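A structural walkthrough
Below are the chains, spelled out letter by letter.
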Amino acid sequence: MGYYDEIYLKRLNRYGLDYQSRIRNQREKLFENYLSKTIYRVDFKFNDEDIAGSLERYKQDDTQTLQYLLTKLDVIIPSGTIIEITNDNGLTNRWMIYWLEEIKVSGYNRYVVLKMTHFLKWTDRRGNLQQTWAYMYGQEDNMLKDEIRSRSRMDVLYTENLKMSFFVIPTNEFMRKDDYLEIGEGALKEAYRVTGYDIQSTPGVEYVTVDPVYERDKSPIPEQQPGDNPDDFFWFNGGAE
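Everything numeric here is computed off the predicted structure, so don't read it as measured data.

Okay, a negative patch on the surface next. Among the surface-exposed residues, E32, D48, E49 and D74 lie close enough to one another that they form a single negatively charged patch. Of note, E32 is situated in helix α2 (residues 19–35). For E32, a relative accessible area of 36% gives the class partly exposed.

Quick look at the sheet that holds strand β10 (residues 180–183) now. With antiparallel pairing, the six strands of this closed barrel are ordered in space as β7-β8-β9-β12-β11-β10. In this sheet, adjacent strand axes meet at a mean angle of 45° when their direction is disregarded. With two bridges connecting them, strand β7 (residues 118–123) and β10 associate as antiparallel partners. For K121, the partnering residue across the bridge sits in β10 and is E182.

So, about the pairing of strand β11 (residues 190–198). If a strand is regular, its side chains alternate between the two faces of the sheet. The sheet contact formed by β10 and β11 spans four bridges and is antiparallel. Paired with Y180 across the two strands is R193, which belongs to β11. Between the antiparallel neighbours β10 and β11 lie six residues, among them G184 with a positive phi of about 80°. In this structure, β11 lies alongside strand β12 (residues 205–213), joined through seven bridges in antiparallel fashion. Across the sheet, D198 pairs through a bridge with Y207, a residue of β12. If you look at the hairpin formed by β11 and β12, you'll find six residues sitting between the two strands, and G204 has a positive phi there, around 90°.

Let's shift gears to the sheet that holds strand β2 (residues 49–57). Spatially, β1-β2-β3-β6-β5-β4 is the arrangement adopted by the six strands of the open sheet, whose pairing is antiparallel. Of all the strands in the sheet, just β1 (41–46) and β4 (82–86) have a single pairing partner and so form its edges. Between one strand and the next, the sheet's axes are offset by a mean angle of 45°, whatever the strand orientation. Pairing geometry for β2 and strand β3 (residues 66–71), over four bridges, is antiparallel. The residue bridging L55 from the neighbouring strand is L69, located in β3.

What counts and how
- Residues numbered from 1 in each chain as written.
- Predicted model: local features only at pLDDT ≥ 70, side-chain atom pairs only at ≥ 80, totals over all residues.
- Heavy atoms only, no water.
- Patch = residues over 30% accessible without salt bridge, like charges linked within 9 Å, V, L, I, M, F, W, Y side chains within 5 Å.
- Areas by Shrake-Rupley, 256 points an atom, 1.4 Å probe, with all protein chains shown as cover.
- Salt bridge = Lys/Arg side-chain N within 4 Å of Asp/Glu carboxyl O.
- Lys, Arg positive; Asp, Glu negative; His and termini not counted.
- Charge placed at Lys NZ, Arg CZ, Asp CG, Glu CD.
- Helix = DSSP H or I, 4+ residues; strand = E, 2+ residues; numbered from the N terminus.
- Buried < 20%, exposed > 50% of the residue type's maximum accessible area, 1.4 Å probe, protein only.
- Pairing = 2+ DSSP bridges.
- Axes fitted to C-alpha atoms, helices over the stretch in contact; angles between N-to-C directions.

Geometric descriptors of this kind do not, in isolation, establish any biological role.
Here you go:
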């Protein structure tokens, strides 16, 4: 065996046996080296495993609401998954995997992630408390209008009601039209009614249109006690005489 078999073929095939696999494996190796050096590196947990990635600027602007998350090829994260990422200042943000961009012969996965801004709470039709992280978008905010419109088929979001807002959330089977949602706490609490939703446009992601409503009084209904005037409890007793 000579130089061709002993050295040349081993060097040629160290990343794979064909051109495409050699290119991909070489780029995977380059990405691993990149992760060890980049200032954008982040570490987070997925399926109880520690995952390394790179959180980088998206094409949008400097608001950092949409970002790119680069991971190794074997890290497969479904759209709609919420992950927690802590920055160098110790601030933890929740990010939703929006979609995976298709890149031919890439050495890494490039996910578009959306920063969550609100925590929703509501009572479902069975009387159970539900909650989810969400990104809230208002009609007066044009920052993500084109990007989100391209993902959702709900053109009604942009034409029917200029005061309407909506949430982008992971697909949730308990979210229904006319559900009553609350966000915030105390004096900052706001209430909304669900007027529509889209769970088809982006697998794993749900677009929920809402209208603001008055906060509901959830205090217990007063019970009539002996000596109370029945007229004061007329409607509480079903309106019957």
